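Now for the letters of each chain:
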Amino acid sequence: MAEHTDVAIVGAGPAGLAVGACLRRAGIDFVMLEKHHAVASSWRRHYERLHLHTVKGRSSLPYLPFPAAYPRYVPRHLVVEYLDNYAAAFELRPRFGETVRSVRRDGGRWAIEGTSSSIGASHVVIASGFNAEPAMPVVPGMETFRGRLLHSADYRNAQPFAGQSVLVVGMGNTGAEIALDLCENGARAMISLRNGVHIAPRDLFGIPIQIAATLATKVLPIGVNDAIFPFILDLALGYPARYGLKRPKEGILQQITRSSKIPVLDVGTVRKVAEGAVKVAPAVSTVTENRVLFEGGQAGTFDAIIFATGYRPNYRCFLDCPPDGQSEDPTLHFVGFRNPVTGLLREIAHEARRVADRVAHEKGARLQSRLWPSSR
């Protein structure tokens, strides 16, 4: 027989841990299922030089700030340390090695089937994250490439690529930083950019861009900010369009609102592009045994290709829900799938509190109805 709980949480990354801590504080029973064997598995696998791009004071999870000794932009290994300590502080004990196979409605409850668990729950929280599955494009001829071909999910550091010519396909934050890492550690890096890219400095004239953008959006509407930002950012970055880093037609805030696609927060890549140390090329057209052909006729020879082409969530493989990850069912919650200008972790903290408040309110209403049943 299935066990029963108030809330089933799928995933033990930052979103799942934040929800678990809020539920623990509210005295609500829950079960957390995690397919890997440690919390924050994605953070443990990310490339080594990764840092938070948002300031630590606005990036902590509920009820436990980052330690004062941590730097303003927390490095990957300290984020992992913080999340380990967070789980311990709130006595969060995920069931590791539990791959969720099915989440479905069963009458008035949810039925969750895992590797070795059958759980009935009043609420389900999907906290499996944006970065559940690498998104690998199909490029004509890529199967013939004789060099090393990998997704950025498998990149750790530049050491294996020293002395090599490496193409990084895609320029989000990951692609930009991997190209910088390669350049600074003995590799020859080129970025292939399909469309334009919005770039902002991590600190704008000494102020963290997260704070500057948050203040701007409180004062002015999106359209006005999108009209003003390009002039300010060009001034701060030295007009990167001169080096092939053109921005898209869609405004920076409009893009965040529509697709949760945040700008590249530059930590030195633009300067390397300006110096010619990192090259920029158009979109990839075709791959041969050791060459890449780009749109417009440009070509290059490479030892390795790294696809920094992003990730996709995986909840559709076990949950039947609308394609945008939203639901009208008030007992089905998605946490960690919005990445506003204020920052993903800050948004997770707000969402986790809202979920706990909603569950507590509903549970209190159910208890009250049992204690004082209707006279009808």
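Here goes a summary of the coordinates provided.

## As for the nonpolar core
Move 1: Grouped together as the largest cluster of nonpolar side chains are 68 residues, with contacts concentrated most on I9, Y155, F161, M171 and L182.
Move 2: F161 has contacts with R148, L150, Y155, V166, L182, A187, A304 and I306, leaving out every residue within four places of it along the chain.
Move 3: Counting 18 residues, the second largest nonpolar core, distinct from the first, contains V10, V100, W110 and I112.

## Some remarks on the packing of aromatic side chains
Move 1: Following the criterion strictly, the structure yields eleven aromatic pairs and no others.
Move 2: Between F66 and Y70 the ring centres are 6.0 Å apart and the planes differ by 45 degrees, which places this aromatic pair in the tilted class. The pair F66 / Y70 is uniform in exposure class, with both members buried.
Move 3: Between Y86 and F90, the ring centres sit 4.8 Å apart and the planes meet at 50 degrees, which makes this aromatic pair tilted. With respect to burial, Y86 and F90 carry one shared label: buried.
Move 4: Grouped by ring-pair contacts, the aromatic residues Y63, F66, Y70, Y82, Y86 and F90 constitute a single cluster.
Move 5: Lying across the ring of Y73, R202 places its NZ or CZ 3.9 Å from the centre.

## Notes on the pairing of strand β4 (residues 102-106)
Move 1: With five bridges joining them, β4 and strand β5 (residues 109-113) adopt antiparallel strand pairing. Note that in β5 the partner of R105 across the bridge is W110.
Move 2: Here β4 folds back onto β5, and the loop between the two strands holds two residues, one of which, G107, carries a positive phi near 70 degrees.

## A short note on the sheet that holds strand β16 (residues 284-287)
Move 1: Spatially, β16-β17-β18 is the arrangement adopted by the three strands of the open sheet, whose pairing is antiparallel. Two strands close off the open sheet at either side, each with one partner strand: β16 and β18 (299-301). Neighbouring strand axes in the sheet, compared pairwise and without regard to direction, differ in orientation by 25 degrees on average.
Move 2: Here three bridges tie β16 to strand β17 (residues 291-294), and the two strands are oriented antiparallel to one another. By the bridge assignment, T286 is partnered in β17 with L293.

## Some words on the packing of helix α6 (residues 222-237) against helix α7 (residues 252-259)
Move 1: As a packed pair, α6 and α7 sit with axes 7 Å apart at the nearest point and diverge in direction by 125 degrees. When the axis of α6 is compared with that of α7, the two are oblique. Of the residues in α7, those in contact with I222, N225, D226, F229 and L233 of α6 are I252, L253, Q254 and T257.
Move 2: Class assignment of the residues belonging to the contact of α6 with α7 gives a composition of five nonpolar, three polar and one charged.

## Some details on the side chain of H46
Move 1: Checked against the element boundaries, H46 lands in the loop between α2 (41-45) and α3 (76-89).
Move 2: When its relative accessible area of 15% is taken as the criterion, H46 is described as buried.
Move 3: Filtering out sequence-adjacent residues up to four positions away, H46 remains in contact with R76, N131 and R156.

## Here's the deal with the pairing of strand β19 (residues 304-307)
Move 1: Every second residue of β19 is oriented toward a common face, with A304 and I306 on one face and I305 and F307 on the other, all of them buried.
Move 2: Bridge analysis of strand β8 (residues 148-151) against β19 gives four bridges, and the strand direction is parallel. The residue of β19 that forms the bridge with L149 is I305.
Move 3: Sheet topology note: the strand β9 (residues 165-169)/β19 ladder contains four bridges and is parallel. In the sheet register, V168 faces β19, and the bridge partner there is I306.

## Examining the packing of helix α1 (residues 14-26) against α3
Move 1: Where α1 contacts α3, the axes come no closer than 10 Å and their chain directions differ by 25 degrees. Of the possible angle classes, the one that applies to α1 and α3 is roughly parallel. Handedness of the α1/α3 crossing: left-handed. Counting all contacts with α1, which are made through P14, L17, A18 and A21, the residues of α3 involved are L83, Y86 and A87.
Move 2: When grouped by side-chain class, the residues that make up the contact of α1 with α3 number seven nonpolar, no polar and no charged.

## Side note on the sheet that holds β19
Move 1: Strand order across the open sheet formed by five strands is β8-β19-β9-β10-β15, with parallel pairing between neighbours. Each end of this open sheet is capped by a strand with a single partner; those strands are β8 and β15 (278-281). Strand after strand, the sheet turns through a mean of 20 degrees between neighbouring axes, direction not considered.
Move 2: On the sheet, helix α4 (residues 173-184) packs against β9, β10 (188-192), β15 and β19 and is oriented at approximately 170 degrees with respect to β9.

## Here we look at the pattern of salt bridges
Move 1: Under the counting rule described, the total for this entry stands at 17 salt bridges.
Move 2: Across the salt bridge formed by R44 and D84, the nearest N and O atoms sit 2.5 Å from each other. Pair noted here: R44 is in helix α2 and D84 is in helix α3, with a separation of 40 residues, a long-range link.
Move 3: Since its relative accessible area comes to 32%, R44 is described here as partly exposed.
Move 4: Given a relative accessible area of 32%, D84 falls into the partly exposed group.
Move 5: Here R49 makes a salt bridge to D181, at a shortest N to O gap of 3.4 Å. Residue R49 is found in the loop between α2 and α3, and its partner D181 is found in helix α4; the two are separated by 132 residues along the sequence.

Scoring rules and cut-offs
Sequence positions are assigned chain by chain, starting from 1 and proceeding in written order. Restriction of local features to residues with pLDDT of at least 70 applies here, the model being predicted, together with a cutoff of 80 or more for giving and counting side-chain atom pairs; totals for whole chains, interfaces and linings are based on all residues. Side-chain metrics rest on all non-hydrogen atoms present in the structure, leaving aside hydrogens and water. Note on terminology: a nonpolar core comprises buried Ala, Val, Leu, Ile, Met, Phe, Trp, Tyr and Cys residues joined through side-chain atoms within 4.5 Å. We call a residue buried when its accessible area falls under 20% of the maximum for its residue type, exposed when it is over 50%, and partly exposed in between, using a 1.4 Å probe and counting protein chains only. Pairs of residues are marked as contacts when any of their non-hydrogen atoms sit within 4.5 Å. Stacked, tilted and edge-to-face are the three classes applied to pairs of Phe, Tyr and Trp rings, where Trp contributes its six-membered ring and a pair requires centres within 6.5 Å; stacked means planes under 30 degrees apart, edge-to-face means over 60, and tilted covers the rest. Charge-over-ring placement is defined geometrically: NZ (Lys) or CZ (Arg) within 6 Å of the ring centre, and within 35 degrees of the ring normal. Strands are labelled as partners when DSSP assigns at least two bridges between them. Elements are defined by DSSP. Helices are runs of H or I of four residues or more, strands are runs of E of two residues or more, and each kind is numbered from the N terminus. Orientation is described by lines fitted to C-alpha atoms, with helices fitted over the stretch in contact, and by angles between N-to-C directions that extend from 0 to 180 degrees. Our angle categories are set so that under 35 degrees counts as roughly parallel, over 145 as roughly antiparallel, 65 to 115 as roughly perpendicular, and the remainder as oblique. When residue character is reported, Ala, Val, Leu, Ile, Met, Phe, Trp, Tyr, Cys and Pro are called nonpolar, Asp, Glu, Lys and Arg charged, and the others, Gly included, polar. In this scheme the crossing of two helices becomes right-handed for a clockwise turn of the near helix relative to the far one and left-handed for an anticlockwise turn of less than a right angle. The term salt bridge refers to a pairing of a side-chain nitrogen on Lys or Arg with a carboxyl oxygen on Asp or Glu at a separation within 4 Å.

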